[in-house]
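# Report on the structure
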Number of protein chains: 2
Amino acid sequence: MTLYLIGIGLSDEKDITLRGLETVRRCEKVYLESYTSKMSCSVSDLEKLYGKKVIIADRDMVEKNAEKTILKEAKTKDVALLVMGDSMSATTHVDLVLRARKAGIKVEIIHNASIMNAVGDTGLELYKFGKTTSIPFPEKSYEPETAYEVIKGNNKIGLHTLILLDVKPKQGMFMRVNEAIEILLKIEQKRKEDVFTEDTLCIGCARTGFEDAIIKSGNAKELLDVDFGEPPHCLIIPGKLHFMEEEALKIALFS
Amino acid sequence: MTLYLIGIGLSDEKDITLRGLETVRRCEKVYLESYTSKMSCSVSDLEKLYGKKVIIADRDMVEKNAEKTILKEAKTKDVALLVMGDSMSATTHVDLVLRARKAGIKVEIIHNASIMNAVGDTGLELYKFGKTTSIPFPEKSYEPETAYEVIKGNNKIGLHTLILLDVKPKQGMFMRVNEAIEILLKIEQKRKEDVFTEDTLCIGCARTGFEDAIIKSGNAKELLDVDFGEPPHCLIIPGKLHFMEEEALKIALFS
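Residues numbered from 1 in each chain as written. Chains lettered and ligands numbered in written order. Predicted model: local features only at pLDDT ≥ 70, side-chain atom pairs only at ≥ 80, totals over all residues. Heavy atoms only, no water.

## Section: the overall build of chain A
Of the regular secondary structure elements, chain A holds ten helices and twelve strands. By the compact-globule yardstick of 18 Å for 255 residues, chain A fits well, its C-alpha radius of gyration being 19 Å. In chain A, which comprises 255 residues, the proportion classed as buried is 57%. Nonlocal contacts in chain A, meaning residues at least 24 apart in sequence, comprise 74% of its contacts between residues at least 6 apart. When the accessible area of chain A is evaluated, it comes to approximately 10,900 Å², of which 49% is carbon and sulfur surface. Across chain A, 36 positive and 40 negative side-chain charges occur, with their mean positions spaced 7 Å apart. (Helix = DSSP H or I, 4+ residues; strand = E, 2+ residues; numbered from the N terminus. Rg over C-alpha atoms; globule rule 2.2 N^0.38 Å. Buried < 20%, exposed > 50% of the residue type's maximum accessible area, 1.4 Å probe, protein only. Contact = heavy atoms within 4.5 Å. Areas by Shrake-Rupley, 256 points an atom, 1.4 Å probe, with all protein chains shown as cover. Lys, Arg positive; Asp, Glu negative; His and termini not counted. Charge placed at Lys NZ, Arg CZ, Asp CG, Glu CD.)

The structure is reproduced here in structure tokens:
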């Protein structure tokens, strides 16, 4: 039988593809990966459309215990793992496919749009994004400077940086654009390499791909005070801008 | 009224999202951008699903004459422009949205998966791709070395390079992986900067996102002789590989 990794898009139940929907309806077991983002619909909206019970899969279930649940079942049944956004964009999914293949399980991927597509709504060219990075919630002994490093590296060759912001849905924690900017400014204070200052041009995005999405550009200091509203948020640090990109940012294509 | 840019995904008519389908069915005029890629279904397959006549829009219509056709109509009607893959990933779409906004036309974007998602099937981390580039069919006075430059730049910071290959659907011309490798080797012969040699690890992808997709990795010399079959093709030059990426390439996740 087959394990299907199905991207369900960014906003609500209607973002699934027809292929995805037909496949979910055919599967005996349907899991939803719950720990990577947040959509504007509820699990019961999904269940209503699919006509299926949707089982919430947390990080442990997908990353540690898949052999006892999802992968075990996929040996004898058609099983769907629904992923918010696209189904093959994070390391955890590559890892799951590897484990499935080693266990002799057939895997099929059904793609969808992810945040990496939806940031195209800013007017920035997707072809000119460099490495994507993320900012985790700071913890006592864990305040990584990875995002700062990645911006610096992408800057070297003029590329834009997409920064994904930490989410902890179980605790209701979703990092806001403002927090991310604060963290980056704090790293700058320490490193003083002029990579991310109060004058750095930033683009804050909230609910990208949703109907009430917000995209706002300005320097870091200005965006610190903007209320972007509900999650999920992400932050973009543009590299070298083409005049068309500048124009798109100026007129703010979708607001 | 509204201009809808709707991504219809990579493979066939079933890759459209439910939101996309409902929108197309509501629009008075439906255009299909015809010059960027190739799907596995026909225009009449699309028409059958949508219950709508689909008008083929070539590059001139979208890039030069939109004011006389698509944009003019969108002032008084709901108009859909269908785009293979995602709807906001190329410069031409940003430009069209800018022009629509200047003409006071409302624009809505419905995203979908593009080749930039589907290359996740290789097992390479999407977060570690750098700038995306393309290789055009060589012409007498036009043999750009852009792709070579981009590989070089991405290499500097360890990132993967996705290279999109030229398509000229009107002439039935779709660049193959083999041709792309030949072109890059020719540039290397001239530049001698050791950016792309016969030993360079490459990943050739054909019909990515289709049911009969092929993903094959090997050095440039090996891939020169591989028959990847029908278009569309693309080529990836990996940067620094994580062990999980190496493993994924070794066992070839989907073949």
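## A few points about the pattern of salt bridges
Taken as a whole and assessed by the stated rule, the structure comprises 44 salt bridges over all chains. A salt bridge links Asp60 of chain B to Lys64 of chain B; its shortest N-O distance comes to 3.3 Å. Its relative accessible area of 59% is what places Lys64 of chain B among the exposed residues. Each member of the salt-bridge network shares a partner with another, and the members are Glu145, Glu149, Lys152, Lys190, Arg191 and Glu193 of chain A. (Salt bridge = Lys/Arg side-chain N within 4 Å of Asp/Glu carboxyl O.)

## Some points on the pairing of strand β12 (residues 233-237) of chain A
Residues and elements named next belong to chain A. Taking burial as the measure, the five residues of β12 include five buried ones, the bulk of the element. Residues His233, Leu235 and Ile237 point to one face of β12 and Cys234 and Ile236 to the other, with burial holding for every one of them. Alignment of strand β7 (residues 161-165) against β12, held across four bridges, turns out to be antiparallel. Note that in β12 the partner of Thr161 across the bridge is Ile237. (Pairing = 2+ DSSP bridges.)

## Details of the relation of the copies chain A and chain B
After a rotation of 180° and a shift along the axis of 0.0 Å, chain A superposes on chain B with an RMSD of 0.0 Å. Here the transformation between the copies is reduced to the relation of a two-fold axis. The overlap is high: 100% of the interface residues of chain A also sit at the interface in chain B, so the same surface is used on both sides. (Least-squares fit on C-alpha atoms with pLDDT ≥ 70 in both.)

## Focus on the sheet that holds strand β11 (residues 214-219) of chain B
Residue and element names in this part refer to chain B. The strand order across the open sheet built from five strands is β6-β7-β12-β10-β11, with neighbouring strands paired in mixed fashion. Strands at the two margins of the open sheet, each flanked by one partner only, are β6 (133-135) and β11. Strand after strand, the sheet turns through a mean of 25° between neighbouring axes, direction not considered. The sheet contact formed by strand β10 (residues 201-206) and β11 spans six bridges and is antiparallel. The partner of Ile203 across the bridge, within β11, is Ser217. Here helix α7 (residues 146-156) sits on the sheet in contact with β6, β7 (161-165) and β12 (233-237), set at roughly 150° to β6. Sitting on the sheet, helix α8 (residues 177-191) is in contact with β6, β7, β10 and β12, with an inclination near 45° to β12. (Axes fitted to C-alpha atoms, helices over the stretch in contact; angles between N-to-C directions.)

## Here we look at α8 of chain B
Residue and element names in this part refer to chain B. Helix length check: α8 (15 residues) gives 21 Å between terminal C-alpha atoms against 21 Å at 1.5 Å per residue, within 8%. Burial in α8 covers these residues: Val177, Asn178, Ala180, Ile181, Ile183, Leu184, Leu185, Ile187 and Glu188. The inward-facing, buried residues of α8 abut β6, α7, β7, β10, α9 (220-224) and β12. Downstream of α8 by a residue or two, Lys192 has a phi angle that is positive, lying close to 50°. (Expected span 1.5 Å × (residues − 1).)

## A few points about the interface of chain A and chain B
How large an interface is tends to be reported as the accessible area lost when its parts come together. The partner chain B presents 55 residues to the 55 residues of chain A that form the contact. Among the residues of chain A in contact with chain B, Leu18, Arg19 and Tyr127 of chain A are the three that bury the most area, contributing 15% of the side total. Where chain A packs against chain B, one counts eight salt bridges. The partner of Glu22 of chain B in a salt bridge is Lys14 of chain A, with the nearest N and O atoms 3.0 Å apart. Between the two partners, chain A and chain B, sit 25 residue pairs in polar contact (both at pLDDT 80 or more). Broken down by secondary-structure element, the contributors of at least two residues to the side of chain A that touches chain B are α1 (18-26), α5 (91-102), β5 (106-110), α6 (115-118), α7 (146-156) and α10 (243-251) of chain A. Of all the elements, α5 of chain A adds the most residues to the side of chain A that touches chain B, at seven residues. For the side of chain A that touches chain B, the residue count by class is 26 nonpolar, 15 polar and 14 charged. (Buried area = accessible area lost by both parts, 1.4 Å probe. Polar contact = N/O pair within 3.5 Å; in protein donor to acceptor, adjacent residues only side chain to side chain. Nonpolar A, V, L, I, M, F, W, Y, C, P; charged D, E, K, R; others polar.)

## Comments concerning the sheet that holds strand β4 (residues 79-83) of chain A
Residues and elements named next belong to chain A. Ordered by their spatial adjacency, five strands build an open sheet running β3-β2-β4-β1-β5, and the pairing between neighbours is parallel. The open sheet terminates on both sides in strands that have one partner only, identified here as β3 (55-57) and β5. Strand-to-strand, the axes of this sheet are offset by a mean angle of 25°, without reference to chain direction. Of the pairings in the sheet, the one linking strand β2 (residues 29-33) to β3 comprises three bridges and is parallel in character. Paired with Glu33 across the bridge in β3 is Ala57. In this fold α5 packs onto β1 (2-7), β2, β4 and β5, with an angle of close to 170° to the strand it touches most, β1.

## Structural notes on the confidence of the model for chain A
Atomic detail in the predicted coordinates should be set aside for any region of low pLDDT. Predicted confidence across chain A gives a mean pLDDT of 95, with 100% of residues reaching 70 or more. Scored by ipTM, the complex comes to 0.95, with pTM at 0.96. (pLDDT = per-residue confidence, 0-100.)

## Concerning the environment of Ile151 of chain B
Looking at the secondary structure, you find Ile151 of chain B in helix α7. Setting aside its immediate chain neighbours within four residues, Ile151 of chain B contacts Thr161, Ile163, Leu184, Val195, Phe196 and Ile237 of chain B.

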